[in-house]
Amino acid sequence: ESDAGDYTCVCGDKQSTASLAVHALPVLFKEELKNEEAQEGASVILHCELTKAAPVLWKIGSKVLKASDKYQMRQPGTTAELVIRDLEVKDA
């Protein structure tokens, strides 16, 4: 998208200008979340990979998760990761 704009070709005192529009592709899941099993008290990392970097929200049911001592969100490049610490049965 940052390549959009007006481009000009100049030759001597003549010039030709054209406008370039770039349409963004949708963000898709390249690798989806996978089911996990872990022991109570342990930590687990859930991750998925996107086709391009984009902001994500992490939810459990309809509740949006926020970063805390329990939940850590990381997003290196196109990979989105959720770390859940000190697992409890209710985290399933």
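Not measured: the values here are computed from a predicted model. (Residues numbered from 1 in each chain as written. Predicted model: local features only at pLDDT ≥ 70, side-chain atom pairs only at ≥ 80, totals over all residues. Heavy atoms only, no water.)

(A) Structural detail: unusual backbone geometry. Here the phi dihedral of Asp86 falls at roughly 45 degrees; this positive angle occurs in a residue that is not glycine. Inspection of the secondary structure assignment puts Asp86 in the segment after strand S8 (79-84). (Helix = DSSP H or I, 4+ residues; strand = E, 2+ residues; numbered from the N terminus.)

(B) Highlighting the nonpolar core. Grouped together as the largest cluster of nonpolar side chains are nine residues: Val44, Cys48, Trp58, Leu65, Tyr71, Ala80, Leu82, Ile84 and Leu87. Looking at this core, the elements that each hand over two or more residues are strand S4 (44-50) and S8. For this core, the leading source of residues is S8, giving three residues. (Core = buried A, V, L, I, M, F, W, Y, C linked by side-chain atoms within 4.5 Å. Buried < 20%, exposed > 50% of the residue type's maximum accessible area, 1.4 Å probe, protein only.)

(C) Local environment of the sheet that holds S8. Pairing is antiparallel in the open sheet, where four strands are placed in the order S3-S4-S8-S7. The two strands at the open ends of the sheet, each matched to only one other strand, are strand S3 (29-31) and strand S7 (71-74). Neighbour-to-neighbour, the strand axes of this sheet turn through a mean angle of 25 degrees, independent of strand direction. Sheet analysis places S4 next to S8, joined by six bridges and oriented antiparallel. What sits directly across from Leu46, in S8, is Leu82. (Pairing = 2+ DSSP bridges. Axes fitted to C-alpha atoms, helices over the stretch in contact; angles between N-to-C directions.)

(D) Representation of the environment of Gly77. For Gly77, the position within the fold is in the loop between S7 and S8. Residue Gly77 is classed as partly exposed on the basis of its relative accessible area, which comes to 46%.

(E) Structural context of the pairing of strand S1 (residues 5-11). Buried residues are scarce in S1, accounting for zero of its seven residues. Two strands pair when backbone bridges link them, and S1 and strand S2 (residues 14-20) are joined in this way by seven bridges, in the antiparallel orientation. When the sheet's bridge partners are listed, Gly5 is paired in S2 with Leu20. Hairpin connection of S1 to S2: two residues between the antiparallel strands, including Gly12 at a positive phi of 65 degrees.

(F) Examining the side chain of Lys70 more closely. If you trace the backbone, Lys70 turns up in the loop between strand S6 (63-64) and S7. Other than its neighbours up to four places away in sequence, Lys70 contacts Val83, Ile84, Arg85, Asp86, Leu87, Glu88 and Asp91. (Contact = heavy atoms within 4.5 Å.)

(G) Quick peek at the UniProt feature "domain: Immunoglobulin I-set" (unreviewed entry) in the chain. The UniProt record marks residues 29-92 with the feature "domain: Immunoglobulin I-set" (unreviewed entry), using the residue numbering of this structure. Across residues 29-92, the secondary structure splits into 0% helix and 38% strand, with the terminal C-alpha atoms separated by 23 Å. (UniProt positions renumbered as here; feature names shortened; annotations may be inferred.)

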